[in-house]
Amino acid sequence: MGPHPAVAAIRLAVRRVLHDVLTEHSTTHHDTPSGPQPPGPSPDRPAPLGTTPDRPAPLVLVACSGGADSMALASALAFEARKLDLHAGGITVDHGLQAGSGQRAREVADRMTALGLDPVEAVAVTVGRDGGPEAAARDARYAALDAAAQRHGATAILLGHTRDDQAETVLLGLARGSGIRSLSGMAAVSGTARRYRRPFLELDRQTVRKACIAQELAVWDDPHNSDPAYTRSRLRHEGLPALEKALGKGVVEALARTAQLSRDDADALDSWAADAEASVRDEAGRLECAKLFGLPPAVRRRVLRRAVIAEGAPAGSLFARHIEEIDRLITGWRGQGAINLPGRVEALRQGGRLVIRQG
C-alpha cells in the first residue's frame, strides 16, 4: 500500500526540485569549491551514491518554522534525500518576537534532526523596523538563511510557500497598485545563484496540512498567522474567504495562474528593456530623452528603473511613483527641477539628456 495521497504529492513536488538541483549541480560543478563544503561521509552519514572526492554531493537545506507547510517540506526532503545523490539539512530562524521563541526554535531543530536531517541549526536574529514588522522580519530571516547557506556550503534552500501564499502575495501587490512584476508573486526559483526553491507553489495549504496529519508530524501554528494586526493575516482569514464567497471557488487557483502569466510577461519586458538600454544612450553613455520617448512606456520605465538602481538606489525602496516622476522628465517636460530618489540619487534633464547621479 502506497503513502497517503497528500504525502505522495509533497514528495513528488520535492523530488522534482531535487532532480533540478542535482542536474544543475552536475552541469556547473567542475572543481572542488574553495569555500565551505557540505558535510563529508561519516559512520552515521555515508557518502551519497555517485559522489567522488572531486565532486562532493550538494547540500540542500530546508527553512523550517515548525508550521505545517515547512514541516511537511522537511519530511519530504528527508525522505527523498535518502534516495538521491545529495545531503539534506535544516535551518530554523528564531525572530525573538514572541515569548519562548528560543525554546520553540530548539524544539523545531530537534524535530528536523529526528527526521534524519543533518546539519540542523537554530539561528537567532534581531528584527529591525524598516518597512514595517512583516517586511523587517522577512529581511532578517532571509539574511540569516543566506548566511547559513554560506556557512554550510549549501547549494539550495527549500521554502514552504504554497499556492495559497502565492494568491495572497498577488492580492497584496494588487492592493499596493504595483506593476506586473509585483503581481507575478513568488518565483519557483529565486535568489543569488538560484538558491531559493519553492516546491509547493502548485500545492494548496490543505494538502500540505493533510500530509502532516497522515505522517503524525507535530506542527506549531504561529499565532501571528491569525493576528488581525498583520495585513497578510487579515487577507488570509477575511479577504480571501470574502472573495471566494462573492466569486465562487477557484479564486486561489486563478490568482496563482495570474502570477505565472504575469511573471512570463514581466520576464519578457525585462529582457526587452535590457536590450533597449544600449540603444537609447549616446556615445558618452548618457540617456537620450528623445530616444527614451520613442520606447513603449512599459519598456521605458524598466530602462529608467535599471539606470537608477545602477547609480545606487536600493531596489526595495524604489517604488512606482519614483519611476513615474522620472518618466515625466521624458514625457511631460516643463522645465521641472531635479527629482530626489532613494539612496541619495537624483534624476534631472539637461540638454536633452536624462542625468541620473548621486546627489
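Anything mentioned here points back to the structure above.
The rules behind each value
Residues numbered from 1 in each chain as written. Predicted model: local features only at pLDDT ≥ 70, side-chain atom pairs only at ≥ 80, totals over all residues. Heavy atoms only, no water. Helix = DSSP H or I, 4+ residues; strand = E, 2+ residues; numbered from the N terminus. Buried < 20%, exposed > 50% of the residue type's maximum accessible area, 1.4 Å probe, protein only. Contact = heavy atoms within 4.5 Å. Polar contact = N/O pair within 3.5 Å; in protein donor to acceptor, adjacent residues only side chain to side chain. Expected span 1.5 Å × (residues − 1). Pairing = 2+ DSSP bridges. Axes fitted to C-alpha atoms, helices over the stretch in contact; angles between N-to-C directions. Disulfide = S-S within 2.5 Å. Core = buried A, V, L, I, M, F, W, Y, C linked by side-chain atoms within 4.5 Å.

(A) Looking closely at the environment of Arg281. Note on placement: Arg281 falls in the loop between helix 9 (251-277) and strand 7 (287-288). The partly exposed category is assigned to Arg281, whose relative accessible area is 27%. Along the backbone, Arg281 and Lys291 are ten residues apart, and their C-alpha atoms lie at a distance of 8.1 Å. Ignoring sequence-local partners within four residues, the contact set of Arg281 consists of Arg286, Leu287, Glu288 and Ala307. There is a polar contact of 2.9 Å between the side chain of Arg281 and the side chain of Glu277.

(B) Examining helix 12 (residues 320-331) more closely. Here helix 12 spans 16 Å end to end across twelve residues, near enough to the 16 Å set by a 1.5 Å rise per residue. Considering only its buried residues, helix 12 is in contact with helix 10 (289-293), helix 11 (297-310), strand 8 (339-341), strand 9 (345-350) and strand 10 (353-358).

(C) Region of the structure containing the sheet that holds strand 8. Taking strand neighbours across the sheet as the criterion, the four strands line up as 7-10-9-8 in an open arrangement whose pairing is antiparallel. The sheet is open, and its two edges are formed by strand 7 and strand 8, each paired on a single side. Lying over the sheet, helix 11 contacts strand 7, strand 8, strand 9 and strand 10, oriented at roughly 35 degrees with respect to strand 10.

(D) Spatial organisation of unusual backbone geometry. Residues Asp118 and Pro119 are joined by a peptide bond in cis, for which omega reads 10 degrees. Looking at the secondary structure, you find Pro119 in the loop between helix 3 (101-115) and strand 3 (120-124). Even without a glycine there, the phi angle at Arg194 is positive, about 55 degrees. Overall, Arg194 belongs to the partly exposed group, its relative accessible area being 41%.

(E) Fine view of the state of the cysteines. Per the stated rule, a full pass over the model turns up zero disulfides. Considering cysteine sulfurs only, Cys64 is the nearest to Cys212, which forms no disulfide, with 9.1 Å between them. Judged by relative accessible area, which is 3%, Cys212 ranks as buried.

(F) Here's a closer look at the nonpolar core. Ranked by internal contacts, the top residues of the largest apolar core, which has 36 residues, are Leu18, Val60, Leu77, Leu117, Leu158 and Phe200. Looking at this core, the elements with two or more residues in it are helix 1 (5-28), strand 1 (59-63), helix 2 (68-81), helix 3, strand 4 (156-158) and helix 7 (205-214). With residues near it in sequence (within four places) discarded, Leu117 still touches Val62, Ala74, Leu77, Ala78, Ala88, Gly89, Gly90 and Met112. The next biggest cluster of nonpolar side chains, apart from the first, holds 25 residues, and it includes Leu269, Ala273, Val303 and Val308.

Honestly, it's all geometry; don't read function into it.
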